[in-house]
Amino acid sequence: MDKKMKVITRRDFVQGTASVALGAAVWSGQQNASAADTSSAAPRNSTVHIIRDEKALDDAHEVDVPTLETMLQETLKKVTGKSTSKDAWLSLVKPDDIVGLVFTNHLNRTHDELLTAVRQSLTDAGIPGDNIRDALGGPDKVRPCTALIALPALKAHWLTGIGTVLKNYIMFSGSPKNYHDENNVKLGEIWNMPDVKGKTKIVIVDALRPLCDKGPQVNPSYLWDYKGLISGTDPVAVETVCLKILEAKREEIRKEPSPLTPPPVCVAAADEVYGLGVSKWEEITVQKTGWEKELLI
């Protein structure tokens, strides 16, 4: 069935974040019942972990590597319930997997220290170094991978509202411009493409020094030291928590509600339309560990 998108305007969005969640039903015609109709479904719950450490960044915003490595180990153990980071990785990936690391590589990019720590932790768990690769670029980059580790940086984006978890896979579409502005609502469909679907084993968001306003050039006024990692196996739930943090920080800076533009309707749509995870706040459990100052949740 041909499905056409209903454009949601800024005016529609300003009516409130709750209306955006409902606004994920942006398609005319019937939606796929298995993805969209949750009225008779059993209660859902997804867990998202926030781990923060005041020592993660120094006064010059430089990463303290031992602290970050400890945060990564704790993240892996909490997300998987395993007692060691090795057991955690081996519950997510196998030694013969081709593991693709999908990270933010421009503007407010994923910290190199986090990428290095993830690679080292994977090899320590027994994943051969030759099987770990950067999965950045078009469909040809993701196709050979049998497992993906999403490592986006927490940031707003001038073309999609939020530029963190869902947008992290935009290049895999082969047509990134088709997912900008109001069309960010379709970002979830990339995660269901044959070369991508089911491959993501964990999402670990670099929230060490997020960006809460759009670019293209990074305005230092909208960077701050959150000193955290936000993680889970449900990409939509992780994105929902990230969105709440960005909006809370924007309101703190501007002293009034400051919704992201364009409206990030992709988050609710990833749940309501594409069935990728949970976007409703009441169905998300946030487990917080460590430094609590300005948690914003």
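Fair warning: this is a prediction, and the values are worked out from it, not measured in the lab.

Engineer: Mind showing me how you'd approach the overall build of the protein chain here?
Structural biologist: Secondary structure summary: the protein chain contains 10 helices and 9 strands in total. Going through the 297 residues of the protein chain one by one, you find that 52% of them count as buried. Counted over contacts in the protein chain with a minimum sequence separation of 6, partners at least 24 positions apart contribute 73%. Accessible surface, the protein chain as shown: approximately 13,300 Å² in total, 48% of it carbon and sulfur.

Engineer: Explain empty space enclosed by the protein to me, please; I cannot follow it from the model alone.
Structural biologist: Over the atoms, a rolled probe matching the size of one water molecule traces out where space is still vacant. Enumeration according to the criterion identifies 1 cavity of 30 Å³ or more in this entry. Empty space within the largest cavity amounts to approximately 30 Å³. What lines the largest cavity is simply Ala156, His157, Gly161, Asp213, Lys214, Arg250, Leu260 and Thr261. Here the lining of the largest cavity is composed, by residue class, of 2 nonpolar, 3 polar and 3 charged.

Engineer: Sorry, what's going on with the layout of surface pockets here?
Structural biologist: Here the second largest pocket defines a volume of roughly 290 Å³. Forming the boundary of the second largest pocket are 20 residues, of which His106, Lys167, Asn168, Ile170 and Met171 lie nearest the centre. Those elements that place two or more of their residues in the lining of the second largest pocket are β2 (99-103) and β5 (153-157). Considering only residue class, the lining of the second largest pocket consists of 9 nonpolar, 9 polar and 2 charged.

Engineer: Looking at this structure, how should I read the packing of helix α5 (residues 85-92) against helix α6 (residues 112-124)?
Structural biologist: Each pair of packed helices gets described by two things: the angle between the helix axes and the distance between those axes. Their axes nearest at 9 Å, the elements α5 and α6 cross at an angle of 85°. By the angle class used here, α5 and α6 are roughly perpendicular. Every residue of α6 that contacts α5 at Ser85, Lys86 and Trp89 is listed here: Val118, Ser121, Leu122 and Asp124. Taken together, the residues of the contact of α5 with α6 break down into 3 nonpolar, 2 polar and 2 charged.

Engineer: Just checking my understanding: could you explain the side chain of Lys199 for this structure?
Structural biologist: Topologically, Lys199 is positioned in the loop between α8 (187-191) and β7 (200-211). For the buried Lys199, no salt bridge exists, and the shortest N-O distance to an oppositely charged side chain is 5.2 Å, to Asp195. At a separation of 3.2 Å, a polar atom in the side chain of Lys199 contacts the main-chain carbonyl oxygen of Val142. Once you skip the residues sitting within four places of it in the chain, Lys199 turns out to touch Val142, Arg143, Cys145, Thr146, Ala147 and Leu148.

Engineer: How do you make sense of α6 when you look at a structure like this?
Structural biologist: In an α-helix, one turn spans 3.6 residues; hence positions three or four apart end up facing the same way. With 13 residues, α6 ought to run about 18 Å at 1.5 Å a step, and its terminal C-alpha atoms sit 18 Å apart, in line with that. Among the residues of α6, Leu114, Leu115, Ala117, Val118, Ser121 and Leu122 are the ones counted as buried. Considered in projection along α6, the buried side chains sweep an arc of 165° and stay on one side of the axis. Exposed positions of α6 whose direction lies more than 90 degrees from the buried face are Thr116 and Asp124.

Engineer: I tried to follow a negative patch on the surface on my own but got confused; where do I start?
Structural biologist: Together, Asp58, Asp59, Glu62 and Asp64 line one region of the surface with negative charge. On the secondary structure map, Glu62 appears in the loop between β1 (46-52) and α4 (65-80). For Glu62, a relative accessible area of 46% gives the class partly exposed.

Engineer: Help me understand the packing of α4 against α5, please; the structure alone is not making it clear to me.
Structural biologist: At a minimum axis separation of 8 Å, α4 and α5 run at an interaxial angle of 55°. Put simply, α4 runs oblique to α5. Two packed elements cross with a definite hand, and for α4 against α5 that hand is left-handed. Between α4, through Gln73, Leu76, Lys77 and Thr80, and α5, the contact on the second element is made entirely by Ser85, Ala88, Trp89, Ser91 and Leu92.

Rules and cut-offs
- Residues numbered from 1 in each chain as written.
- Predicted model: local features only at pLDDT ≥ 70, side-chain atom pairs only at ≥ 80, totals over all residues.
- Heavy atoms only, no water.
- Helix = DSSP H or I, 4+ residues; strand = E, 2+ residues; numbered from the N terminus.
- Buried < 20%, exposed > 50% of the residue type's maximum accessible area, 1.4 Å probe, protein only.
- Contact = heavy atoms within 4.5 Å.
- Areas by Shrake-Rupley, 256 points an atom, 1.4 Å probe, with all protein chains shown as cover.
- 1 Å grid on protein atoms, 1.4 Å probe; cavity = no way out; pocket = protein on both sides within 12 Å on 5 of 7 lines; lining within 4 Å.
- Points joined across faces, edges and corners; volume = space filled by probe spheres on them.
- Nonpolar A, V, L, I, M, F, W, Y, C, P; charged D, E, K, R; others polar.
- Axes fitted to C-alpha atoms, helices over the stretch in contact; angles between N-to-C directions.
- Parallel < 35°, antiparallel > 145°, perpendicular 65-115°, else oblique.
- Lys, Arg positive; Asp, Glu negative; His and termini not counted.
- Salt bridge = Lys/Arg side-chain N within 4 Å of Asp/Glu carboxyl O.
- Polar contact = N/O pair within 3.5 Å; in protein donor to acceptor, adjacent residues only side chain to side chain.
- Expected span 1.5 Å × (residues − 1).
- Arc of directions from axis to C-beta.
- Patch = residues over 30% accessible without salt bridge, like charges linked within 9 Å, V, L, I, M, F, W, Y side chains within 5 Å.
- Charge placed at Lys NZ, Arg CZ, Asp CG, Glu CD.
- Left-handed = near helix turned anticlockwise from the far one by under 90°.

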